[in-house]
Structure formats: C-alpha cells, structure tokens
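Architecture at a glance
For reference, the chains in residue letters:
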Amino acid sequence: DQQVKQNSPSLSVQEGRISILNCDYTNSMFDYFLWYKKYPAEGPTFLISISSIKDKNEDGRFTVFLNKSAKHLSLHIVPSQPGDSAVYFCATRGGTSYGKLTFGQGTILTVHP
Amino acid sequence: DGGITQSPKYLFRKEGQNVTLSCEQNLNHDAMYWYRQDPGQGLRLIYYSQIVNDFQKGDIAEGYSVSREKKESFPLTVTSAQKNPTAFYLCASGRTGGISEQFFGPGTRLTVL
C-alpha cells in the first residue's frame, strides 16, 4: 500500500526553465512534508519542507506547494540549473507513527544546458 | 564538524554470512533510522530508534537486527535470513518532537555474492 506516490519516474527540463515535481499522498493525518535531493551513491540532502498549516513555502529557487484537499504536494525549481540534476524524493510525516518519514519512489530530474 | 558517518562505503559478503553496518552521528540527535534503497522503490524504513536502548521495527524489518546502546551509534546487522540483502543502506538521524528533518549519512552499498 503506497501511501506516498511520485507518479513521474523522470523529468527532463531545459536550463533556465521551471521544473515541477509532483507528489500525491493518501493519509490525511500527515502533518509535515519534505523534499530531499539525492545524487547517485550519496545520502539524500534536505531541500525544503512545509507544515500542513501552510500552503506554500519558498527558499530561494525552490518553492513547495501543498494542496491538502487534493492531497497533493509539488516542488517548483525556478530557474532550473544543470546542477539540479538528481533524484528528488518527497517524504511525509505523521499518521499512525509519529516521527517516521514515508518516502515516495523518487523522480529523476535532468536539466539540460 | 557535525554529521553522520557510515562505514564502509562498499561492502561485499558471501551469501549466508551476517554483516554489520556502522552508523555514527555527532549531531546530538535522539532519533536514528535505517533505510534501504532499491532501484525504483524509494527509501524504505527498516528500523528506527527514538531513544537509547529502545528501537522499533519499520516497514521491512525481517532479516535485520539493530542495537542502540549509545546515543551516537545505531549499527544494523543484515542477517542470513534477509532474502535480498544486496542494496544501498542509508542511516539517518533527527530530533524528536516538534518539526524537523532527518539528516542522512553517505550510505553503504552492500553486495552479497
């Protein structure tokens, strides 16, 4: 039972354009949402997060949007840079096991120069 | 400087042997986690510990064991009962309570021959 889904395995974007990564979840008890970036053979690094009491959070080129009614989370990267090429994971916290994070399958982002 | 260390980076073992993966953190975090990453499946939680001398099973604990004798250390043993041990293993730590992200180590690539 996949509670967090990233339905696009990959995304290809031109440098300077916007990258939009999407994530859907099923459990309305999730209260905190995060995005991580991961390079091959390395651990994920935290990018940005949002609490369920907000619908938007910005940090530089990265903006996370939360639509609670649709149970949908998205990450916008503007402008995209070749160094942004990596795997992006969304993660959620809450539900029956407080403190645990549940991760999506990841989306491979490729930004072409 | 603070962080999470995992050793070794690459590990090879023969089928049927137990192997222990090391994870140490000096971030003074109470909680520690072990995840497994397989291609196309994101990160799946194996075990987690919110406090010293206590730990809970995650979603895929079968064939694994852990201990938490010290706050800084959370070793994972992959036993011979684990049917598909070859994977990339990630350790993470975080604060308990409130809203905070998990910080990940660089990972250990285990290959069972």
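Preceding block: the structure.
In this report, the structure presented in the accompanying data block is examined. These figures come from a predicted structure and were not determined experimentally.

1. Looking at the overall build of chain A
If you tally the helices and strands in chain A, you get zero helices and 11 strands. Secondary structure of chain A in N-to-C order comes out as β-β-β-β-β-β-β-β-β-β-β. Relative to the compact-globule value of 13 Å for 113 residues, chain A shows a C-alpha radius of gyration of 13 Å, a close match. Counting only C-alpha atoms, chain A reaches 45 × 30 × 20 Å along its principal axes. Split into buried and exposed, the 113 residues of chain A put 46% on the buried side. In chain A, once contacts between residues fewer than 6 apart in sequence are set aside, the share between residues at least 24 apart is 54%. Here chain A has roughly 5300 Å² of accessible surface; of this, 50% comes from carbon and sulfur atoms. Counting 11 positive and 9 negative side-chain charges, chain A places the centres of these two groups 3 Å from one another.

2. Some remarks on the interface of chain A and chain B
Contact residues are listed per partner, giving 20 residues for chain A and 24 residues for chain B. Buried area between chain A and chain B, both sides added, is near 1700 Å², and the carbon and sulfur share of it is 58%. On inspection of chain A and its partner chain B, the count reaches one salt bridge. Asp59 of chain B is the partner of Lys100 of chain A in a salt bridge, and the nearest nitrogen-oxygen pair spans 3.4 Å. For the interface between chain A and chain B, the tally reads five residue pairs in polar contact (both at pLDDT 80 or more). Here the side of chain A that touches chain B gets six residues from one element, more than from any other, and that element is strand β10 (residues 97-103) of chain A. For the side of chain A that touches chain B, the per-class residue count stands at 10 nonpolar, six polar and four charged.

3. Examining the state of the cysteines
Inspection of the entire model under this criterion finds two disulfides over all chains. Paired through a disulfide, Cys23 of chain A and Cys90 of chain A show a sulfur-sulfur distance of 2.0 Å. In this structure the cystine formed by Cys23 of chain A and Cys90 of chain A twists about its S-S bond by roughly 65 degrees; its chirality is therefore right-handed. Of the two residues, Cys23 of chain A sits in strand β3 (residues 19-25) while Cys90 of chain A sits in strand β9 (residues 86-94), which places them 67 residues apart along the sequence. Comparing Cys23 of chain A with Cys90 of chain A, the two get one shared label, buried. Between the sulfur atoms of Cys23 of chain B and its disulfide mate Cys91 of chain B the distance is 1.9 Å. With the S-S dihedral at roughly -75 degrees, the linkage between Cys23 of chain B and Cys91 of chain B falls on the left-handed side. Here Cys23 of chain B, found in strand β3 (residues 19-25), pairs with Cys91 of chain B, found in strand β9 (residues 87-94); they are 68 residues apart in sequence, far enough to count as distant. Both residues of the pair, Cys23 of chain B and Cys91 of chain B, belong to the buried class.

4. Some points on the sheet that holds strand β7 (residues 62-67) of chain A
One key point about sheets: their strands pair by backbone hydrogen bonds, in either a parallel or an antiparallel sense. Residue and element names in this part refer to chain A. Sheet architecture is open: five strands sit in the order β1-β3-β8-β7-β6, paired in antiparallel fashion. The open sheet is flanked by β1 (4-5) and β6 (56-59), the only strands paired with a single partner. Relative to β7, β6 runs antiparallel, the two being bridged by four bridges. For Glu58, the partnering residue across the bridge sits in β7 and is Thr63.

5. Side note on the sheet that holds β3 of chain B
All names here are of chain B. One open sheet holds the four strands; their spatial order is β1-β3-β8-β7, and the pairing between them is antiparallel. With partners counted over all chains shown, the strands left at the sheet margins are β1 (4-7) and β7 (64-66), one partner each. Put simply, the sheet's adjacent strands are angled 20 degrees from each other on average, direction ignored. Of the pairings in the sheet, the one linking β1 to β3 comprises four bridges and is antiparallel in character. By the bridge assignment, Gln6 is partnered in β3 with Cys23.

Quick notes on the rules
Residues numbered from 1 in each chain as written. Chains lettered and ligands numbered in written order. Predicted model: local features only at pLDDT ≥ 70, side-chain atom pairs only at ≥ 80, totals over all residues. Heavy atoms only, no water. Helix = DSSP H or I, 4+ residues; strand = E, 2+ residues; numbered from the N terminus. Rg over C-alpha atoms; globule rule 2.2 N^0.38 Å. Buried < 20%, exposed > 50% of the residue type's maximum accessible area, 1.4 Å probe, protein only. Contact = heavy atoms within 4.5 Å. Areas by Shrake-Rupley, 256 points an atom, 1.4 Å probe, with all protein chains shown as cover. Lys, Arg positive; Asp, Glu negative; His and termini not counted. Charge placed at Lys NZ, Arg CZ, Asp CG, Glu CD. Buried area = accessible area lost by both parts, 1.4 Å probe. Salt bridge = Lys/Arg side-chain N within 4 Å of Asp/Glu carboxyl O. Polar contact = N/O pair within 3.5 Å; in protein donor to acceptor, adjacent residues only side chain to side chain. Nonpolar A, V, L, I, M, F, W, Y, C, P; charged D, E, K, R; others polar. Disulfide = S-S within 2.5 Å. Pairing = 2+ DSSP bridges. Axes fitted to C-alpha atoms, helices over the stretch in contact; angles between N-to-C directions.

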